[in-house]
Amino acid sequence: MTATGRTDGPQTGWIKDRRHHLPIRIYYEDTDAGGIVYHANYLRFFERARGEMLRLVGIDHVTAWRDQPAGERMGFAVRRVELEYFRPAILDDSLDIQSIVLATAAAYVDVQQAVLRGGVLLARADLRVALVNDNGRPCRLPLAWRTILKALEVPPEARLFARANVE
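Since this is a predicted model, take the numbers as computed values, not measurements.

So what's going on with a nonpolar patch on the surface? Residues and values would help.
A cluster of nonpolar side chains, Leu-43, Val-78 and Val-81, forms an exposed patch at the surface whose accessible area comes to about 220 Å². Along the chain, Leu-43 falls in helix H1 (residues 41–57). Assessed through its relative accessible area of 40%, Leu-43 is described here as partly exposed.

Listed below in structure tokens is the structure:
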């Protein structure tokens with residue numbers, strides 16, 4: 001397991017001002033019969049964005065779970081999520097999934113994520129993501145991971161995913 005992460009395959013998205021951006025397009029499979037994004041799919045978008053953010057900053061969370069012997073595996077698990085919807089995303093929308101790190105502790109990371117369309121906030125989630133071993137018990141973040149995530153933390157005054165951003 002390395003702190004530099006996997007180098008094979010594409011990296012998706014970018015980081016600007018400690019904020020990860022993942023562009024996505026809404027396809028038919030993401031929507032209900034009315035062409036509106038099904039509510040649970042926002043969780044999938046957020047999961048994908050967190051994974052891409054980790055990959056981009058060099059945290060190889062896939063290898064930490066998949067390629068380690070039993071008893072040494074560790075992976076992130078959502079401990080808590082609070083999701084708020086403001087406006088619907090619809091078929092063929094081009095969206096920006098943004099992710100910021102709020103706080104990094106010994107065994108968890110607090111993250112805030114948002115779905116925006118043209119700068120308008122559609123949905124926001126506050127999450128606590130814990131690192132657990134293959135027995136489901138919390139474990140400490142490797143120092144290299146903690147250092148990387150700490151460097152991504154956004155100060156409270158720079159957080160933009162407040163309800164006030166809803167037009």
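Any details on the confidence of the model for the chain? Residues and values, ideally.
Averaged over every residue, the pLDDT of the chain is 89; the share at 70 or more is 89%. Here helix H2 (residues 61–66) stands out as the element of the chain with the lowest mean pLDDT, 86, in contrast to helix H3 (residues 143–152), whose mean of 97 is the highest. For the stretch residues 1–7, pLDDT sits under 50, and the model shows 20 contacts to residues farther than four places along the chain or on other chains.

Describe the sheet that holds strand E5 (residues 108–117), naming the residues involved and giving the relevant values.
Across the sheet, which stays open at both edges, the six strands sit in the order E1-E2-E4-E5-E6-E3 with antiparallel pairing between neighbours. Strands with a single pairing partner mark the edges of an open sheet, and in this sheet they are strand E1 (14–16) and strand E3 (74–85). Neighbouring strand axes in the sheet, compared pairwise and without regard to direction, differ in orientation by 30° on average. Packed on one face of the sheet, H1 meets E1, strand E2 (19–25), E3, strand E4 (94–104), E5 and strand E6 (120–133) and runs near 130° to E2. Along the sheet, H3 contacts E1, E3, E4, E5 and E6; its crossing angle with E4, the most-contacted strand, is approximately 115°.

What counts as what
- Residues numbered from 1 in each chain as written.
- Predicted model: local features only at pLDDT ≥ 70, side-chain atom pairs only at ≥ 80, totals over all residues.
- Heavy atoms only, no water.
- Patch = residues over 30% accessible without salt bridge, like charges linked within 9 Å, V, L, I, M, F, W, Y side chains within 5 Å.
- Areas by Shrake-Rupley, 256 points an atom, 1.4 Å probe, with all protein chains shown as cover.
- Salt bridge = Lys/Arg side-chain N within 4 Å of Asp/Glu carboxyl O.
- Helix = DSSP H or I, 4+ residues; strand = E, 2+ residues; numbered from the N terminus.
- Buried < 20%, exposed > 50% of the residue type's maximum accessible area, 1.4 Å probe, protein only.
- pLDDT = per-residue confidence, 0-100.
- Contact = heavy atoms within 4.5 Å.
- Pairing = 2+ DSSP bridges.
- Axes fitted to C-alpha atoms, helices over the stretch in contact; angles between N-to-C directions.

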